[in-house]
Amino acid sequence: AQSVTQLDSQVPVFEEAPVELRCNYSSSVSVYLFWYVQYPNQGLQLLLKYLSGSTLVESINGFEAEFNKSQTSFHLRKPSVHISDTAEYFCAVSGGGFKTIFGAGTRLFVKA
Amino acid sequence: DAGVTQSPTHLIKTRGQQVTLRCSPKSGHDTVSWYQQALGQGPQFIFQYYEEEERQRGNFPDRFSGHQFPNYSSELNVNALLLGDSALYLCASSLGRGNSPLHFGNGTRLTVT
């Protein structure tokens, strides 16, 4: 069985400060890892994904995540956040089957 | 290129009633997954449909059933509604492979009174 743990339910941060949203997973098979973002009253949107290859993956809006197999982690980082980054972020894992499992989410709140 | 569309956007039902939610996948996608997202929680996997068959199911009772049509669109049916079924129901489409990223609709907000 697979599971995803997002270690912080809420992360408040000031605008232009760096941020890290933590994600750990457990799985007995090789995994594919994802970060999704959800804005109020909307569905989830793919932010970035790790399928294979380079362990550092980047999104088009400045987020990056690093797959660390030994620590079973896939933390999301951004060096400088904007007000518009305020949203709910979900870490997700798939592998060994067809379903994608989501964490409970981290609410990122960017303050001016 | 239309993304994933879901209908209706909001729905209010009474305990014991039945509900049908509908989903049209993104163009070119052949797989539909359904998720339940309770307030303040992450999406919980209900089931996935591929080639008109339920391919995998999460930990949900038989009151939850679904269907996929030849055009890849899908329905989620919930019978004998309970108060605890109140949630945002999300449909996601993808290509057949298990590692294919999901494309979500904006969901159907179901309220059971």
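> Requested: an account of the packing of aromatic side chains, with residues and values cited.
Under the definition given, this model contains twelve aromatic pairs over all chains. Both rings, one in F34 of chain A and one in Y36 of chain A, keep their centres 6.1 Å apart while their planes meet at 40 degrees; by these two values the pair is tilted. Per residue, the accessibility class of F34 of chain A equals that of Y36 of chain A, and both read buried. A centroid spacing of 5.9 Å and a plane angle of 50 degrees characterise the contact between Y35 of chain B and F104 of chain B, whose relative ring orientation is tilted. Of this pair, Y35 of chain B sits in strand β4 (residues 31-37) while F104 of chain B sits in strand β10 (residues 103-104), and the two are 69 residues apart along the sequence.

> Give me the lowdown on the nonpolar core, citing residues and values where you can.
Among the nonpolar cores identified, the biggest contains 28 residues, and L33, W35, L48, F74, L76 and Y89 of chain A are the most heavily contacted of them. A per-element tally of this core places strand β10 (residues 87-94) of chain A first, with four residues. Those residues within four positions of Y89 of chain A in sequence are excluded, and the remaining contacts are Q6, L21, W35, Y36, V37, L47, F63, L76, G105, T106 and L108 of chain A. Counting residues in each nonpolar core, the second largest holds 20 residues, with V4, L21, W34 and V112 of chain B among its members.

> Pulling in residues and values, what's your account of the environment of G43 of chain A?
Tracing the chain through its elements places G43 of chain A in the loop between β5 (32-38) and β6 (44-50). The contacts of G43 of chain A, once residues within four sequence positions are left out, are V37 and Q38 of chain A together with L90, F104, G105 and N106 of chain B.

The rules behind each value
Residues numbered from 1 in each chain as written. Chains lettered and ligands numbered in written order. Predicted model: local features only at pLDDT ≥ 70, side-chain atom pairs only at ≥ 80, totals over all residues. Heavy atoms only, no water. Phe/Tyr/Trp six-rings, centres within 6.5 Å; stacked < 30°, edge-to-face > 60°. Buried < 20%, exposed > 50% of the residue type's maximum accessible area, 1.4 Å probe, protein only. Helix = DSSP H or I, 4+ residues; strand = E, 2+ residues; numbered from the N terminus. Core = buried A, V, L, I, M, F, W, Y, C linked by side-chain atoms within 4.5 Å. Contact = heavy atoms within 4.5 Å.

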